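A structural walkthrough
What follows is the residue order along each chain.
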Amino acid sequence: MAETRFLHGFHAVISRIRQRSESVLEIYVDNQRNDPRSRDLLKLAEANGVRVVPVDSKRLDGMVGNARHQGVAARVDAAQKVQHLDDVLDTLTKPALLLVLDGVQDPHNLGACLRSADAFGVHAVIAPKDRAVGITATVEKVACGAAETVPYITVTNLARTLRELQERDIWVVGADSTAESDLHHFKHAGALAWVLGAEGEGLRRLTRETCDQLVRIPMLGSVESLNVSVSAGVCLFEARRQR
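Now for a quick tour of the structure. (Residues numbered from 1 in each chain as written. Predicted model: local features only at pLDDT ≥ 70, side-chain atom pairs only at ≥ 80, totals over all residues. Heavy atoms only, no water.)

A closer look at the overall build of the protein
A tally of regular secondary structure across the protein gives 10 helices and 10 strands. The C-alpha atoms of the protein give 20 Å as radius of gyration, which agrees with the globular expectation for 243 residues (18 Å, within 12%). Within the protein, the fraction of its 243 residues that count as buried is 48%. Relative to all contacts within the protein whose residues are 6 or more apart in sequence, the contacts with residues 24 or more apart total 81%. Looking at the protein as shown, the accessible area adds up to about 12,500 Å², and 47% of this sits on carbon and sulfur atoms. Charge centroids of the protein, computed over 30 positive and 31 negative side chains, lie 4 Å from each other. (Helix = DSSP H or I, 4+ residues; strand = E, 2+ residues; numbered from the N terminus. Rg over C-alpha atoms; globule rule 2.2 N^0.38 Å. Buried < 20%, exposed > 50% of the residue type's maximum accessible area, 1.4 Å probe, protein only. Contact = heavy atoms within 4.5 Å. Areas by Shrake-Rupley, 256 points an atom, 1.4 Å probe, with all protein chains shown as cover. Lys, Arg positive; Asp, Glu negative; His and termini not counted. Charge placed at Lys NZ, Arg CZ, Asp CG, Glu CD.)

Topic: the nonpolar core
One broad trend across soluble globular proteins is that nonpolar side chains are buried collectively. Membership of the largest hydrophobic core comes to 32 residues, with the highest contact counts inside it found for L99, L101, L110, L114, V125, W194 and L196. Looking at this core element by element, the count peaks at five residues for helix α10 (residues 228–242). Excluding residues that lie within four positions of it along the chain, L114 makes contacts with V125, I135, V139, A143, A146, A147, V150 and Y152. Judged by nonpolar contacts, the second largest core, of 20 residues, contains A124, I153, I170 and V172. (Core = buried A, V, L, I, M, F, W, Y, C linked by side-chain atoms within 4.5 Å.)

Observations concerning helix α2 (residues 36–47)
Taking 1.5 Å of rise per residue, the 12 residues of α2 would be expected to cover 16 Å, and the 16 Å separating its terminal C-alpha atoms lies within 8% of that figure. Along α2, the residues classified as buried are S38, L41, L44 and A45. End-on, the buried residues of α2 take up no more than an arc of 120 degrees, which puts them together on one face. For α2, exposure combined with an orientation more than 90 degrees from the buried face picks out K43, E46 and A47. Check the buried side of α2 and you find it contacts α1 (10–20), β2 (24–30), β3 (51–55) and β4 (72–77). Looking one or two residues past α2, G49 carries a phi angle of roughly 70 degrees, positive in sign. (Expected span 1.5 Å × (residues − 1). Arc of directions from axis to C-beta.)

Regarding unusual backbone geometry
For R131, which is not glycine, the phi dihedral falls at a positive 60 degrees. Owing to a relative accessible area of 41%, R131 belongs among the partly exposed residues under this scheme. Residue D169 is not a glycine yet carries a positive backbone phi of 65 degrees. Position of D169 relative to the elements: it lies in the loop between α8 (158–167) and β8 (171–175). With relative accessibility at 67%, the residue D169 sits in the exposed group.

A closer look at a nonpolar patch on the surface
There is a patch of nonpolar side chains on the surface, built from M219, V223, L226 and V230 and spanning about 300 Å² of accessible area. Of note, L226 is situated in the loop between β10 (213–215) and α10. The class for L226 is partly exposed, based on a relative accessible area of 33%. (Patch = residues over 30% accessible without salt bridge, like charges linked within 9 Å, V, L, I, M, F, W, Y side chains within 5 Å. Salt bridge = Lys/Arg side-chain N within 4 Å of Asp/Glu carboxyl O.)

Some remarks on the layout of surface pockets
Quantified by volume, the second largest pocket comes out at close to 530 Å³. Around the second largest pocket, the lining comprises 24 residues; the ones closest to its centre are A175, D176, S177, S225 and L226. Elements with a contribution of two residues or more to the lining of the second largest pocket: β9 (192–197) and α10. Broken down by class, the residue content of the lining of the second largest pocket amounts to 10 nonpolar, eight polar and six charged. (1 Å grid on protein atoms, 1.4 Å probe; cavity = no way out; pocket = protein on both sides within 12 Å on 5 of 7 lines; lining within 4 Å. Points joined across faces, edges and corners; volume = space filled by probe spheres on them. Nonpolar A, V, L, I, M, F, W, Y, C, P; charged D, E, K, R; others polar.)

Encoded structure:
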């Protein structure tokens with residue numbers, strides 16, 4: 001029997017139906033909801049042949065561990081789409097734009113990073129298999145559908161993967177608050193991989209040493225650093241602007 005898990009929240013459930021309806025086994029909807037948003041979801045489920053089960057809110061709470069489910073949850077096939085970095089890179093017709101996350105462990109941060117990656121046309125998000133959060137129900141909810149549209153690729157050895165990117169002539173740039181060069185003076189419109197570190201720790205030593213270049217985001221206020229998802233949005237926006 002296939003392993004399953006629950007998604008929750010309208011964005012995550014609707015996106016999964018639109019992107020991979022065959023993986024949605026059942027949708028559970030709060031039987032007290034009869035608003036336009038829930039009715040639209042029911043129409044989408046019916047159009048895609050997905051079974052809908054009305055339940056009470058307490059049962060929904062139990063399914064998703066009391067998370068903020070908005071009155072909707074879906075039981076889905078837990079199998080992830082197999083994604084290999086070569087499969088992504090070999091099909092590109094434009095210079096690659098990649099986001100590499102060195103050990104992000106907060107699911108809200110990963111979800112927000114995926115959302116920024118989708119917004120700025122990132123071809124893939126790369127992360128280590130260990131010491132990283134991975135795709136969870138919370139990540140999918142925060143990502144608002146981006147977890148279904150942006151390939152999320154986990155690798156065993158991040159430094160080796162960065163070197164493989166360099167062999168493909170992809171410029172590997174690490175965001176580091178101690179870097180001499182800042183984002184105002186960074187110029188690169190070719191194939192590019194932005195590398196960002198974990199919350200509070202930044203880039204690991206080997207990751208930092210493997211980067212072709214380190215760049216800092218100019219900070220004008222009193223705080224020393226930005227949240228990793230905010231930093232990702234800033235760096236990706238600049239990369240897309242230069243293109």
